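Residue-level listing of the chains:
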Amino acid sequence: MSNSPTSPPPPPPPPTATPCQQSKTPLSELNVVDVINNNGNRIGKPHHNVILSSGECAWATQYPEIQKACFLNRVCQYAPPRELRVQNVEPILQNGPTCGLTALSMIFDGSPSAKALLEQAIARGYSNNGEMFSARQLNALFEVVLEENRHLVEYKPVTHTLINGWMDDPNIQIKLRLGAMFLVPYDPDKNHTPCLNRGHRAHWALVVGYLIDQFEDFYVFARHGKTKNLALWSLRDLAKSNANLVEFCQPVGHPNETFILPEGGMAGCNGLLCKFIMIENYKAKNEIVL
């Protein structure tokens with residue numbers, strides 16, 4: 001089993017719920033593919049004092065998914081990032097309320113599938129329909145699957161650690177810069193960006209990288225089961241959303257299903273509030289580093 005480190009200092013109290021952040025106006029001018037397919041995917045560090053005039057996010061034309069994510073979120077529009085690192089994990093769309101299991105399946109390139117993981121989660125009493133409202137239980141399932149599929153993780157011995165604390169922390173930023181990934185529960189808006197709605201639509205994402213822009217703002221790239229697009233969010237916004245997961249709300253699309261909640265609920269010691277799973281020593285087949 002993975003070792004659980006000493007918990008960081010207690011996180012700040014969950015922020016008061018506020019209306020979800022308004023989505024940005026879509027920019028339909030960008031016509032790019034959804035999946036990166038580059039053989040030579042590591043390039044030199046850019047000159048940060050150069051302002052590009054050939055188009056928005058022109059520094060990322062070699063990486064269409066990254067360019068699209070930055071363009072839609074208006075990040076690094078005219079200047080390249082100071083740092084960027086992304087594990088090119090393939091997206092998988094979820095079927096039903098299986099966001100956590102789908103995110104876990106992405107780490108293993110879809111084998112085992114979310115459906116196979118659901119069978120294991122049901123057998124262990126963690127889930128009825130695919131829901132995973134306990135970070136501790138998802139971490140335990142990760143351990144079982146990892147031991148059964150070590151041969152699929154060819155690059156380094158993957159480790160995983162359950163963290164209880166505030167995500168926008170210098171130590172977490174250091175781990176991201178060293179290549180760690182994170183399974184993170186958060187509260188999604190209608191466009192899947194992190195928001196504050198007390199956990200009523202709790203969702204899981206796999207953080208696969210980070211970006212530091214020319215203003216020293218810290219962002220994370222993420223995959224989740226609702227879209228094949230690569231997401232780009234402020235790390236602080238994700239941390240706030242993770243710290244507001246306090247109450248369950250019956251999903252609108254599943255009015256008659258029974259969902260399993262851990263003892264103490266989402267905000268309890270076995271729930272989701274201020275909890276996430278750190279994954280170290282994972283190396284995707286393709287990694288982009290600027």
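Here we summarise the structure given alongside this text. (Residues numbered from 1 in each chain as written. Predicted model: local features only at pLDDT ≥ 70, side-chain atom pairs only at ≥ 80, totals over all residues. Heavy atoms only, no water.)

This brings us to the overall build of the protein chain. Along the protein chain, the regular secondary structure elements total six helices and eight strands. Overall, the protein chain shows an N-to-C arrangement of helices and strands of α-β-α-α-α-β-α-β-β-β-β-α-β-β. Going through the 290 residues of the protein chain one by one, you find that 50% of them count as buried. Once local pairs closer than 6 in sequence are excluded, the contacts in the protein chain between residues at least 24 apart make up 68%. (Helix = DSSP H or I, 4+ residues; strand = E, 2+ residues; numbered from the N terminus. Buried < 20%, exposed > 50% of the residue type's maximum accessible area, 1.4 Å probe, protein only. Contact = heavy atoms within 4.5 Å.)

Mapped onto the elements of the fold, glutamate 131 is located in the loop between helix H3 (114-123) and helix H4 (135-148). Buried glutamate 131, no salt bridge; nearest opposite-charge side chain is lysine 226, N-O distance 13 Å. (Lys, Arg positive; Asp, Glu negative; His and termini not counted. Salt bridge = Lys/Arg side-chain N within 4 Å of Asp/Glu carboxyl O.)

This part takes up the pairing of strand E3 (residues 181-186). Counting buried positions over the six residues of E3 gives six, a clear majority of the element. Neither face of E3 is exposed, since Met181, Leu183 and Pro185 on one face and Phe182, Val184 and Tyr186 on the opposite face are all buried. Both E3 and strand E7 (residues 275-280) contribute to a ladder of three bridges, which runs antiparallel. In the sheet register, methionine 181 faces E7, and the bridge partner there is isoleucine 279. Pairing of E3 with strand E4 (residues 203-212), which is carried by five bridges, proceeds in the antiparallel orientation. Residue pairing in the sheet places leucine 183 in a bridge with leucine 206 of E4. (Pairing = 2+ DSSP bridges.)

Let us look at the pattern of salt bridges. Inspection of the entire model under this criterion finds eight salt bridges. With a closest N to O distance of 3.2 Å, arginine 82 and glutamate 216 form a salt bridge. One end of the pair, arginine 82, is in the loop between helix H1 (64-73) and strand E1 (83-87); the other, glutamate 216, is in the loop between E4 and strand E5 (218-224), and 134 residues separate them in sequence. Residue classification places glutamate 216 among the exposed positions, given a relative accessible area of 52%. A salt bridge links arginine 198 to glutamate 247, with the nearest nitrogen and oxygen atoms 3.4 Å apart. Taken as a pair, arginine 198 in the loop between E3 and E4 and glutamate 247 in the loop between helix H6 (235-242) and E7 lie far apart in primary sequence, 49 residues in all. Residue arginine 198 is classed as partly exposed on the basis of its relative accessible area, which comes to 36%.

It is worth spelling out the packing of helix H2 (residues 99-107) against H3 at this point. The contact between H2 and H3 brings their axes to 9 Å, and the two run at 120 degrees. By the angle class used here, H2 and H3 are oblique. Along this stretch, H2 crosses H3, giving a crossing that reads as right-handed. Residue-level inspection shows Leu101, Thr102, Leu104 and Ser105 of H2 in contact with H3, the latter providing Ala114, Leu117 and Leu118. A breakdown of the residues in the contact of H2 with H3 according to their chemical character gives five nonpolar, two polar and no charged. (Axes fitted to C-alpha atoms, helices over the stretch in contact; angles between N-to-C directions. Parallel < 35°, antiparallel > 145°, perpendicular 65-115°, else oblique. Left-handed = near helix turned anticlockwise from the far one by under 90°. Nonpolar A, V, L, I, M, F, W, Y, C, P; charged D, E, K, R; others polar.)

The subject of this paragraph is the layout of surface pockets. To find the voids left in a structure, one rolls a probe of water-molecule size over its atoms. Within this model, the second largest pocket holds a volume of roughly 540 Å³. Per-class residue counts for the lining of the second largest pocket are 13 nonpolar, nine polar and four charged. (1 Å grid on protein atoms, 1.4 Å probe; cavity = no way out; pocket = protein on both sides within 12 Å on 5 of 7 lines; lining within 4 Å. Points joined across faces, edges and corners; volume = space filled by probe spheres on them.)

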